[in-house]
Amino acid sequence: MSLLIEHRGPVAVLTLNRPEKLNALAGHMRRDLAEALEAAGSDRNVHVVVITGAGRAFCAGYDLDLGTRAEDATQREMAGHWDPVRDYEGMSRNVRVFMSLWESPKPVIAQIHGWCVGGGTDMALCADLIYMAEDAQIGYPPARVWGEPTSVMWVYRLGLEHAKRLMLSGESLSGSEAARLGLASKALPVAELPSVVDEMARKLATIPANQLAMSKLLVNQAYENMGLRTTQLIGTFFDGIARHTPEGIAWRDLAMKEGFREAVRRRDAPFGDYGEAERA
């Protein structure tokens, strides 16, 4: 099963369960997540949802079968068949899944350890609260080439300076740095993370579910009024464009020829971060 669901009294724990792939997001996992969140939202016995990952990472982003997908994309482009609207529609389905964390009437806590990168951040940053291991890493490396964050939550969870720095550079934050900047509620030793998250979830669960729903909706509405949905529309379009710039296509072709790890290593060499992690 790509998603494990455990009910601990009033707390529903959803665990991304593809540890051999660092919980990279595949189509069936996204569907399972959306269905689980909908079920938790309508379950009167559930007051709080926790989302975490099995194994050594929270989520390594999208599961990219670059060999097949890139070859198909090249053939479509040679025939002039790349359709930006169809691309937007496809990526929008992913954004809708991620935003189901935001839209759930139940508070959602993201419990992050290891790596949370790429599309994994688009998902995690849609949660209500974020708790991280001190040595966890969160970032969006495709901002260097071949992508833009579709949920664009960096902008809404950080101030202008730090949002621009991370989106321009693609650099990652450790859990400790994320907590210092206000991106995460707390950063803890990884061994303490589950118990602290569980304690917070159980505290929230003592509050009536309708009160939690109103408080969440009230805060969310303030951000909706700031233009969140319009920003996401643009971000999702730009993500498709970024994958089809000359530089984006060249990077994809490099990945096809030399392998994804080598392409990542070369992209990240000036920063010395994700490339080294990919090889580890």
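Residues numbered from 1 in each chain as written. Predicted model: local features only at pLDDT ≥ 70, side-chain atom pairs only at ≥ 80, totals over all residues. Heavy atoms only, no water.

Colleague: Could you give an account of the pairing of strand β2 (residues 11–16), naming the residues involved and the relevant values?
Modeller: With six of six residues buried, β2 lies mostly within the body of the structure. Alternating residues of β2 divide into Val11, Val13 and Thr15 and Ala12, Leu14 and Leu16, and every residue in both groups is buried. Across six bridges, the pairing between strand β1 (residues 3–8) and β2 is antiparallel. Directly across from leucine 3, in β2, lies its bridge partner leucine 16. Hairpin remark: β1 followed by β2, antiparallel, with two residues in the connecting loop; positive phi at glycine 9, about 65 degrees. On the question of chirality, the crossover connecting β2 to the parallel strand β3 (residues 48–53) by way of helix α1 (residues 27–42) is right-handed. (Buried < 20%, exposed > 50% of the residue type's maximum accessible area, 1.4 Å probe, protein only. Helix = DSSP H or I, 4+ residues; strand = E, 2+ residues; numbered from the N terminus. Pairing = 2+ DSSP bridges. Right-handed = clockwise from strand over helix to strand, strands pointing away.)

Colleague: Account for the packing of aromatic side chains, with residues named and values stated.
Modeller: Applying the stated criterion to the full structure yields six aromatic pairs. Arranged with centres 6.3 Å apart and planes meeting at 45 degrees, the rings of tyrosine 62 and phenylalanine 98 form a pair that is tilted. Of the two residues, tyrosine 62 sits in the loop between β3 and α2 (66–78) while phenylalanine 98 sits in helix α3 (residues 84–103), which places them 36 residues apart along the sequence. The exposure class of phenylalanine 98 is buried, given its relative accessible area of 0%. Between tyrosine 156 and tyrosine 223, the ring centres sit 6.3 Å apart and the planes meet at 75 degrees, which makes this aromatic pair edge-to-face. Here tyrosine 223 lies in helix α9 (residues 209–225) and tyrosine 156 lies in helix α5 (residues 153–157), a separation of 67 residues in the sequence. (Phe/Tyr/Trp six-rings, centres within 6.5 Å; stacked < 30°, edge-to-face > 60°.)

Colleague: With reference to specific residues and values, describe the confidence of the model for the protein.
Modeller: Chain-level pLDDT for the protein is 93 on average; 92% of the residues reach the 70-or-more range. With pLDDT under 50 throughout, residues 66–72 is counted as low confidence; its partners more than four residues away or in other chains account for 12 contacts. (pLDDT = per-residue confidence, 0-100. Contact = heavy atoms within 4.5 Å.)

Colleague: Explain the state of the cysteines residue by residue, including any values.
Modeller: Scanning the entire structure with this criterion turns up zero disulfides. In this structure cysteine 116 is not part of a disulfide, and its nearest cysteine sulfur, from cysteine 59, lies 6.4 Å away. A residue is classified by how much of its surface remains accessible, and cysteine 116, at 0% relative accessible area, is buried. (Disulfide = S-S within 2.5 Å.)

Colleague: Let's hear about the pattern of salt bridges: which residues, and what values?
Modeller: Per the counting criterion, the structure on display carries 16 salt bridges. Here aspartate 198 and arginine 202 are joined by a salt bridge, their closest N and O atoms 3.1 Å apart. With aspartate 198 and arginine 202 both in helix α8 (residues 193–205) and four residues apart, this pair spans about one turn of that helix. Among the residues examined, aspartate 198 registers a relative accessible area of 21% and is labelled partly exposed. One continuous salt-bridge network, built from bridges that share partners, spans Arg144, Arg267, Asp268 and Asp273. (Salt bridge = Lys/Arg side-chain N within 4 Å of Asp/Glu carboxyl O.)

Colleague: Which residues make up the packing of α1 against α3, and what values go with them?
Modeller: Running from N to C, α1 and α3 cross one another at 35 degrees; their axes reach a closest spacing of 9 Å. Our pair here, α1 against α3, has a crossing hand that is left-handed. On the side of α1, the interface is formed by Arg30, Leu33, Ala34 and Leu37, while α3 contributes Asn94, Val97, Ser100 and Leu101. (Axes fitted to C-alpha atoms, helices over the stretch in contact; angles between N-to-C directions. Left-handed = near helix turned anticlockwise from the far one by under 90°.)

Colleague: Quick one: what's the story with the pairing of β3, residue by residue and with numbers?
Modeller: Across the six residues that make up β3, a large majority, six, are buried. Neither face of β3 is left uncovered, since the one carrying Val48, Val50 and Thr52 and the one carrying Val49, Ile51 and Gly53 both have all their residues buried. Judged from the six bridges that link them, β2 and β3 form a sheet pairing that is parallel. The residue bridging leucine 16 from the neighbouring strand is glycine 53, located in β3.

Colleague: Tell me about a nonpolar patch on the surface, and please be specific about residues and values.
Modeller: On the surface, a cluster of nonpolar side chains totalling about 500 Å² of accessible area is made up of Val85, Leu233, Ile234, Phe237, Phe238 and Ile241. For the nonpolar patch, the leading source of residues is helix α10 (residues 228–242), giving five residues. Examined against the element boundaries, isoleucine 241 turns out to sit in helix α10. (Patch = residues over 30% accessible without salt bridge, like charges linked within 9 Å, V, L, I, M, F, W, Y side chains within 5 Å. Areas by Shrake-Rupley, 256 points an atom, 1.4 Å probe, with all protein chains shown as cover.)

Colleague: Now, about the sheet that holds strand β5 (residues 115–117): what can you tell me, with residues and values included?
Modeller: Reading across from one edge, β5-β7-β8 is the order of the three strands in this open sheet, with mixed pairing throughout. At either margin of the open sheet sits one strand with a lone partner, and together these are β5 and β8 (172–174). Direction aside, the axes of adjacent strands within the sheet are offset by 15 degrees on average. Note: β5 against strand β7 (residues 137–139), three bridges, orientation parallel. Within β7, the position partnered with valine 117 by the bridge is glycine 139.

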